[in-house]
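# A look at the structure
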Amino acid sequence: MPQPEKPAELEKSLPSSFYTDALMFERERRELFARSWVCAGREEEVEDDGSTKIIDLFGESIIVARLKDGSLRAHYNVCRHRGARMCSDDAKWGLSLRGGAMGEFIRCPYHQWTYGLDGRLVNAPQLSGTDGFDAAKFSLHPVGVAVWGGFIFLKLDPAEGDLISRTLGEDEIGPAPRRLGNYPLARLKTARAISYEVAANWKVIAENYNECYHCGGVHPELCAVVPVFRAGAGLGLDWENGVPHREGAWTYTFSGTTNRKPFEGLSELEKIRHKGELIYPNLMLSVSADHGAAFILWPLAPNLTRVDVRFLFDADEMARDDFEPSDAVDFWDITNRQDWAVCERVQQGMSSRAHDHGYYAPMEDESLDIRRYIAAHIKDA
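Here goes a summary of the coordinates provided. Please read these numbers as outputs of a predicted model, since none were measured by experiment.

So, on to a nonpolar patch on the surface. On the surface, a cluster of nonpolar side chains totalling about 350 Å² of accessible area is made up of Trp93, Leu95 and Leu97. For Leu95, a relative accessible area of 45% translates into the label partly exposed.

Spelled out as structure tokens, the structure:
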């Protein structure tokens, strides 16, 4: 079907096949997600020494553990002996096998091979201590693990320096560490969480987050608090210093205010403005002066993405008798559902035989990042 000529001042988007094709989706999993630092949760989930968490990362089961020295380690949930999954749920058979994470150890239920939380094999029944058996050759397969802002990042294909947890910097996850340096992200705790299943490709959701050309038509509640989103459609906003609210408003709630205190250490502008960051490939982070909303994208299929949203607050505020996060959570929930609904519309239209590619308007410049990101990670994209 013939396509119209490119309109003046508009840039072509990625081809529609990049959002709909199963082979492209598999290439992304293999060449992009496996080799990138992917956000997989919050450190508060493995806060205590000896604690573990099992994370399903693009079809791979990963064990994340907190060691006694406070560092994190991550390994594939696969025994080196016969490949059994060590930590799992056997409720299907109405029983619980003798294995899994047990204090300082991880035990395979099949033949009782036992590993330390650092992945070292510490016991193989009938083999340990015998001639010719070198336990050092049978450590668990490692996964890269790192942190930033209280978030855990994993890398399925790690380099040697990725195995012991460290803090990621600007050269690895972009400008967020600098732009959000005054916010106490690492100290914040999850007060509420909502999981959404969105029938859209993960890139559609990321692009939607990265522009506000759509805000005037899709988000009346948001634009009532942030009128510049409607007035300028997101064109010319100062993302570096934050987005201003309407007069008298300073946070993302229906009223634009709250009884919660602003975070300590914020600049004068940060106390009255909102900041947002897209940390490729799968973390979208929006912060107000009193709370944050973290969106972790889990691509499940070319046309399906789970979005886990965590609402983050200062622990001292959460300890107050009158703490109630609903003013922020409810505001975000309606905004999110509006976004997911329109993203599903985009996915539906992209699947039409009439659609070959879309266009970016000038106020969607930030959305062009997705093209450069994909080109940098997918060979010959």
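So, next bit.
So, on to the sheet that holds strand β9 (residues 121–123). Pairing is antiparallel across the open sheet formed by four strands, whose spatial order is β6-β7-β8-β9. Looking at which strands have only one partner, the edges of the open sheet turn out to be β6 (100–102) and β9. For this sheet the average axis-to-axis angle between neighbouring strands, irrespective of direction, equals 35 degrees. Here strand β7 (residues 105–107) pairs with strand β8 (residues 114–116) via three bridges, running antiparallel. Each bridged residue has a counterpart across the sheet, and for Arg107 the counterpart in β8 is Thr114.

The geometry of an aromatic ring pair comes down to the distance between the two centres and the angle between the two planes. Under the defined criterion, the tally for this structure stands at 16 aromatic pairs. With 5.3 Å between their ring centres and 80 degrees between their planes, Phe254 and Phe331 make a pair best called edge-to-face. Taken together, the residues span a long stretch of sequence, with Phe254 in the loop between β13 (243–244) and β14 (273–279) and Phe331 in helix α10 (residues 326–350) at a distance of 77 residues. Using a relative accessible area of 0% as the deciding quantity, one classes Phe331 as buried. An aromatic cluster is present here, built from Tyr196, Tyr209, Tyr252, Phe254, Phe295, Phe331, Trp332 and Trp340 joined pairwise through their rings. Positioned over the ring face of Phe151 is Arg42, at 4.5 Å from the centre of the ring. Sitting above the plane of the Tyr19 ring, Lys203 keeps its charged end 5.2 Å from the centroid.

The subject of this paragraph is helix α5 (residues 202–209). Buried residues dominate α5, accounting for seven of its eight residues. Buried within α5 we find Trp202, Lys203, Val204, Ile205, Ala206, Glu207 and Asn208. Residue Asn201 occupies the N-cap position of α5, its side-chain oxygen lying 2.9 Å from the main-chain nitrogen of Lys203.

Here the structure, examined in full by the defined rule, presents 28 salt bridges. Measuring nitrogen to oxygen at the nearest pair gives 3.0 Å for the salt bridge that ties Glu45 to Arg310. Highlighted residues: Glu45 in the loop between β2 (38–42) and β3 (52–57) and Arg310 in strand β17 (residues 304–313), separated in sequence by 265 residues. Assessed through its relative accessible area of 25%, Glu45 is described here as partly exposed. We note a salt bridge from Arg260 to Asp290, for which the minimum N-O separation is 2.7 Å. One end of the pair, Arg260, is in the loop between β13 and β14; the other, Asp290, is in the loop between β15 (283–287) and β16 (291–301), with 30 residues separating them in the sequence.

The subject of this paragraph is the side chain of Gln112. In this fold, Gln112 is placed in the loop between β7 and β8. A distance of 3.3 Å separates a polar atom in the side chain of Gln112 from the backbone oxygen of Pro109. Among all residues touching Gln112, those that are not within four sequence positions of it are Arg98, Arg107, Asn123 and Pro125.

What follows concerns the pairing of β3. With six bridges connecting them, β3 and strand β4 (residues 60–66) associate as antiparallel partners. Each bridged residue has a counterpart across the sheet, and for Lys53 the counterpart in β4 is Val64. Taken together, β3 and the strand that follows it, β4, pair antiparallel across an intervening segment of two residues, in which Phe58 is found at a positive phi of about 55 degrees.

The subject of this paragraph is the pairing of strand β11 (residues 151–155). The element β11 is extensively covered by neighbouring structure, given that five of its five residues are classed as buried. With burial as the criterion, each face of β11 is covered, one bearing Phe151, Phe153 and Lys155 and the other bearing Ile152 and Leu154. Sheet analysis places strand β10 (residues 142–148) next to β11, joined by five bridges and oriented antiparallel. Among the inter-strand pairings, Val147 is bridged to a residue of β11, identified as Ile152. Taking the residues that link successive antiparallel strands as the turn, the β10-β11 hairpin has two residues, and the phi of Gly149 there is positive, at about 60 degrees.

Calculation rules
Residues numbered from 1 in each chain as written. Predicted model: local features only at pLDDT ≥ 70, side-chain atom pairs only at ≥ 80, totals over all residues. Heavy atoms only, no water. Patch = residues over 30% accessible without salt bridge, like charges linked within 9 Å, V, L, I, M, F, W, Y side chains within 5 Å. Areas by Shrake-Rupley, 256 points an atom, 1.4 Å probe, with all protein chains shown as cover. Salt bridge = Lys/Arg side-chain N within 4 Å of Asp/Glu carboxyl O. Buried < 20%, exposed > 50% of the residue type's maximum accessible area, 1.4 Å probe, protein only. Pairing = 2+ DSSP bridges. Helix = DSSP H or I, 4+ residues; strand = E, 2+ residues; numbered from the N terminus. Axes fitted to C-alpha atoms, helices over the stretch in contact; angles between N-to-C directions. Phe/Tyr/Trp six-rings, centres within 6.5 Å; stacked < 30°, edge-to-face > 60°. Lys NZ or Arg CZ within 6 Å of the ring centre and 35° of its normal. Polar contact = N/O pair within 3.5 Å; in protein donor to acceptor, adjacent residues only side chain to side chain. Contact = heavy atoms within 4.5 Å.

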